[in-house]
Amino acid sequence: MELSFFKGKTVFITGHTGFKGSWMCQVLMMAGADVVGYALEPPTNPSLFRLCGLQEKMTSIYGDVRDLSHLKQAFEDTRPEIVIHMAAQPLVRESYINPVYTYETNVLGTVNVLECVRLSSSVKSFVNVTTDKVYLNKEWEWGYRENDELNGFDPYSNSKSCAELATSSYINSFLKEKGTAVSTVRAGNVIGGGDFAKDRIIPDCVRAAEAGKEMIVRNPYSVRPYEHVLEPVAAYLMIAQKQYEDQKYSGNYNIGPEESDCRSTGEIVDLFCRLWKERTGKDMTWKNLHDGGPHEANFLKLDCSKIKIMFQWHPRWTIEDAVKKTIEWASVYLDGGDVAQCARQQIKEYFGSGTF
């Protein structure tokens, strides 16, 4: 991938005020893109979006993807060439509490974005961001492939499965004939600096460390494909570029860590505790305390052979690198330092200092 490809191009990102969206916006702005965001107000306070001052550096439109008329107007006003759809209700536990809102946002919201892409004469490349949880989870010890059955268990996972099916229908019914390149991308669990969401393991670790408390872990034995947030962000951009240049690269793709980096939650917390002490000199401990919460899959891995073969792609940072970079950012934040500069420096390290 050449990030210079994005220089001067208008890239429309839904969900730009979220954790992953904020990292995406920062990368694209550093690459010289004309970035347009469409999203609700930042979902957390504090938020990475506001801490990095991104609103002043891009076109930021506050709106709900469920509002088709407003979304259509945003497309008409900005005429994007590339669209990356990241807006979602992204939390499994929240989806049990608010299932209707989850389906409205993740399914109808995706249909609305697809409709705007269908009606647009400017969009050439569309990437729909879903999740590794779209698959019917059979608790296999091997990774799911892109042609495995889609049928997520909980409302969040299932709504993303539905979004995949809606995208497939729009491709077959409209977008393929129109010549618009479309891919859906299923990424693993992301970690990184600036994630303040609830019910996520690394943000919970940071909050426990900040408060000087013991970390509570709900299920230390669950296995997830954890990766640094820049891994999927880079992959989304690579796919958006490649299919823009040649529609044959359109498709469905998994994005996850190497097999050796698929760890249990307990192992991730052990790693955090060790690296936190190395960074700060402060001890940190955790305990297993299941809170009787709703069903979540115990074992989940992704087979990323397809993207490796198609693009010679591979993860750049190991899970230890990912946790270390997250702690680096969190330490700067807790010390009142320049977190925006820390994020930019980590982006340069990931892509290579000569990229920007």
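For clarity, every value in this text was computed on a predicted model and none was experimentally measured.

## Focus: the overall build of the protein
Right, on to step 1. When helices and strands are tallied, the protein shows 12 helices and 13 strands.
Right, on to step 2. In summary, the protein has a C-alpha radius of gyration of 19 Å against a globular reference of 21 Å for 356 residues, a match within 12%.
Right, on to step 3. Dimensions of the protein, computed from C-alpha atoms along their principal axes, come out at roughly 55 × 45 × 40 Å.
Right, on to step 4. Here the protein holds 356 residues, and 57% of them are scored as buried.
Right, on to step 5. Residue pairs at least 24 apart in sequence account for 80% of intrachain contacts in the protein once pairs closer than 6 positions are excluded.
Right, on to step 6. Of the roughly 14800 Å² of accessible surface on the protein, a fraction of 48% belongs to carbon and sulfur atoms.
Right, on to step 7. Of the charged side chains in the protein, 40 are positive and 46 negative; the average position of the first set lies 2 Å away from that of the second.

## Some details on the pairing of strand β5 (residues 125-129)
Right, on to step 1. Within β5, 5 of the 5 residues are buried, leaving the element largely enclosed by the surrounding structure.
Right, on to step 2. Alternating residues of β5 divide into S125, V127 and V129 and F126 and N128, and every residue in both groups is buried.
Right, on to step 3. Note that β5 and strand β6 (residues 181-187) share 5 bridges and pair parallel. Counted as the bridge partner of F126 is V182 from β6.
Right, on to step 4. A crossover links β5 with its parallel partner β6, the connecting element being helix α6 (residues 155-178), and its sense is right-handed.

## Some remarks on the environment of V36
Right, on to step 1. For V36, the location among the structural elements is in strand β2 (residues 34-39).
Right, on to step 2. On the basis of relative accessible area, V36 is assigned to the buried category, the value being 2%.
Right, on to step 3. Separated by 209 residues in the primary sequence, V36 and E245 have C-alpha atoms spaced 21 Å apart.
Right, on to step 4. In contact with V36, not counting residues within four places along its chain, are T10, V11, F12, I13, M58, T59, I61 and T78.

## Comments concerning the pairing of β6
Along any regular strand, the residues point their side chains to alternate faces of the sheet.
Right, on to step 1. Most of β6 sits out of view: 7 of its 7 residues are buried.
Right, on to step 2. Burial along β6 is two-sided: the residues A181, S183, V185 and A187 and V182, T184 and R186 are all buried.
Right, on to step 3. When β6 meets strand β11 (residues 251-255), the two strands line up parallel, connected through 5 bridges. Directly across from T184, in β11, lies its bridge partner N252.

## Focus on the nonpolar core
Right, on to step 1. In this structure, F6, W23, M24, L28, I84, L237 and I307 are the most contacted members of the largest nonpolar core, which totals 61 residues.
Right, on to step 2. With 10 residues, the top contributor of residues to this core is helix α8 (residues 230-245).
Right, on to step 3. Among the nonpolar cores identified, the runner-up in size contains 23 residues, and M215, F272, W276 and V323 belong to it.

## Overview of the sheet that holds strand β3 (residues 59-62)
Right, on to step 1. Taken in spatial order, the 7 strands line up as β3-β2-β1-β4-β5-β6-β11 in an open sheet, and their pairing is parallel. Strands with a single pairing partner mark the edges of an open sheet, and in this sheet they are β3 and β11. For this sheet, the mean angle separating the axes of adjacent strands, direction not counted, is 15°.
Right, on to step 2. Taken together, the 4 bridges between strand β1 (residues 10-14) and strand β4 (residues 82-85) define a ladder with parallel strand orientation. Bridged to V11 within β4 is I82.
Right, on to step 3. Packed onto the sheet, helix α5 (residues 99-119) meets β1, β4 and β5 and runs at close to 175° relative to β4.

Reading the values: rules and limits
- Residues numbered from 1 in each chain as written.
- Predicted model: local features only at pLDDT ≥ 70, side-chain atom pairs only at ≥ 80, totals over all residues.
- Heavy atoms only, no water.
- Helix = DSSP H or I, 4+ residues; strand = E, 2+ residues; numbered from the N terminus.
- Rg over C-alpha atoms; globule rule 2.2 N^0.38 Å.
- Buried < 20%, exposed > 50% of the residue type's maximum accessible area, 1.4 Å probe, protein only.
- Contact = heavy atoms within 4.5 Å.
- Areas by Shrake-Rupley, 256 points an atom, 1.4 Å probe, with all protein chains shown as cover.
- Lys, Arg positive; Asp, Glu negative; His and termini not counted.
- Charge placed at Lys NZ, Arg CZ, Asp CG, Glu CD.
- Pairing = 2+ DSSP bridges.
- Right-handed = clockwise from strand over helix to strand, strands pointing away.
- Core = buried A, V, L, I, M, F, W, Y, C linked by side-chain atoms within 4.5 Å.
- Axes fitted to C-alpha atoms, helices over the stretch in contact; angles between N-to-C directions.

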